[in-house]
Every structure is written in structure tokens, then in C-alpha cells.
Amino acid sequence: MITVGMDYHVLPGKQRDFEEKFNAVLTALRGAPGHNDSKLFRDVGDDCSYLIISDWSDENAFGEFVRSQAFRDVTNWGKEQILSDRPRHKVYKH
Ligand code: HEM
């Protein structure tokens with residue numbers, strides 16, 4: 001099992017676009033072998049600050065997701081139009 005924690009900070013006014021894209025990625029991940037669940041949390045003290053927690057039972061499946069063209073399209077869009085800073089992430093293996 002691995003759990004990934006991702007910190008994101010979006011540009012003011014881009015919160016809805018980010019949340020909608022998260023839901024689109026989650027819909028694509030639903031039913032994907034090796035993905036258990038992913039959740040999006042918003043900071044009550046800063047509505048541009050988010051945390052994604054993503055649980056995987058298969059590390060290879062996670063690797064394929066991160067290397068996929070579909071995900072690269074999301075991250076490129078995110079870097080160009082949505083995020084104010086580079087996301088920071090932590091991977092917890094358990
Ligand atoms: C279920 C939803 C999501 C999951 C599980 C997820 C997971 C991840 C992971 C694991 C990484 C690190 C990849 C690496 O090690 O190279 C990453 C990077 C990134 N993610 Fe997400 N992400 C999600 C949604 C999003 C969304 C909606 C955006 C759009 C703004 C986004 C934008 C990015 C960007 C820009 C990077 C950095 C890529 C780079 O450094 O080149 N992610 N994400």
C-alpha cells in the first residue's frame with residue numbers, strides 16, 4: 001500500500017477549475033486497478049491551498065498513472081493555468 005500526500009496552491013479565482021479537474025481525474029481513476037481512493041481537502045485558512053490524499057494498493061499501478069499521457073496533460077494544464085507554485089508531495093509506504 002502507498003499513500004501520496006500532495007500540497008497544491010492555486011491562483012486566486014482558479015479554485016473551481018482545480019476542483020472540477022480533480023473530480024475529472026478521480027472519475028478516470030475510479031475502477032482503475034490498484035487505485036483505492038483519492039480525496040481533496042481545502043485549507044479553512046486559505047481557500048487557494050489544497051491537499052490531495054491518494055491511496056494505492058499497487059505501486060506499479062501508481063507509477064503507470066504518474067507516467068500516463070492523460071496525467072501529463074493535467075499537470076501541464078495545471079502548471080500553465082492553475083497553480084501558483086509547484087506542488088509538493090510525500091509518499092508514505094505502509
Ligand atoms: C486524483 C487527483 C490527483 C492525484 C492522485 C495527483 C497526484 C500527483 C502526484 C503523485 C504527483 C507527483 C508526480 C511525480 O512524482 O512526478 C503530482 C504532480 C503534479 N500534479 Fe497532481 N494529482 C492529482 C490531481 C492534479 C490536478 C487536478 C492538477 C491540476 C492543477 C495536478 C497538477 C499537478 C502538477 C502541476 C504536478 C507537478 C508535475 C511536475 O512536477 O512536473 N494534479 N500529482
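Check the entry above for the structure.
Let me sum up the structure you'll find in this document. Since this is a predicted model, take the numbers as computed values, not measurements.

Calculation criteria
Residues numbered from 1 in each chain as written. Predicted model: local features only at pLDDT ≥ 70, side-chain atom pairs only at ≥ 80, totals over all residues. Heavy atoms only, no water. Phe/Tyr/Trp six-rings, centres within 6.5 Å; stacked < 30°, edge-to-face > 60°. Helix = DSSP H or I, 4+ residues; strand = E, 2+ residues; numbered from the N terminus. Buried < 20%, exposed > 50% of the residue type's maximum accessible area, 1.4 Å probe, protein only. Lys NZ or Arg CZ within 6 Å of the ring centre and 35° of its normal. Salt bridge = Lys/Arg side-chain N within 4 Å of Asp/Glu carboxyl O. Near = heavy atom within 4 Å. Polar contact = N/O pair within 3.5 Å; in protein donor to acceptor, adjacent residues only side chain to side chain. Nonpolar A, V, L, I, M, F, W, Y, C, P; charged D, E, K, R; others polar. Expected span 1.5 Å × (residues − 1). Arc of directions from axis to C-beta.

Moving on, we come to the packing of aromatic side chains. Tallied over the entire structure, the rule returns five aromatic pairs. With 5.3 Å between their ring centres and 50 degrees between their planes, tyrosine 8 and phenylalanine 18 make a pair best called tilted. In this pair, tyrosine 8 sits in strand 1 (residues 2-9) while phenylalanine 18 sits in helix 1 (residues 15-29), placing the two residues 10 residues apart along the sequence. Given the relative accessible area of 14%, tyrosine 8 is considered buried. For the cation-ring pair, lysine 21 lies above tryptophan 77, with the distance from its terminal atom to the ring centre recorded as 4.8 Å.

Looking now at the pattern of salt bridges. Scanning all chains against the criterion turns up four salt bridges. A salt bridge links glutamate 19 to arginine 42; the nearest nitrogen and oxygen atoms lie 2.8 Å apart. Residue glutamate 19 is found in helix 1, and its partner arginine 42 is found in strand 2 (residues 35-42); the two are separated by 23 residues along the sequence. For arginine 88, the salt bridge identified is with aspartate 85, shortest N-O distance 3.8 Å. A relative accessible area of 45% means that aspartate 85 is categorised as partly exposed. A single network of salt bridges, built from pairs that share partners, joins Arg30, Asp37 and Lys39.

Okay, the site of the ligand next. Taken together, 24 residues are adjacent to the ligand, and Met6, Tyr8, Phe71, Lys79 and Arg86 come closest. In this structure, lysine 79 approaches the ligand through a side-chain N or O atom, which is 3.0 Å from an oxygen atom. A distance of 2.6 Å separates an oxygen atom of the ligand from a polar atom in the side chain of arginine 86. Only strand 1, helix 1, strand 3 (49-56), helix 2 (59-67) and helix 3 (69-82) provide two or more residues apiece to the shell around the ligand. In terms of residue count, helix 3 provides more of the shell around the ligand than any other element does, six residues in total. Of the residues in the shell around the ligand, the class split is 16 nonpolar, five polar and three charged.

An ideal rise of 1.5 Å per residue puts 21 Å on 15 residues; helix 1 measures up with 21 Å between its terminal C-alpha atoms. Taken residue by residue, helix 1 has Gln15, Phe18, Phe22, Val25, Leu26 and Leu29 as its buried positions. Each buried residue of helix 1 sits inside an arc of 100 degrees when the element is viewed along its axis, so together they form one side. Facing away from the buried side of helix 1 by more than 90 degrees, the exposed set consists of Arg16, Thr27 and Ala28. Where helix 1 ends, the next residue or the one after it, glycine 31, has phi of about 85 degrees, a positive value.

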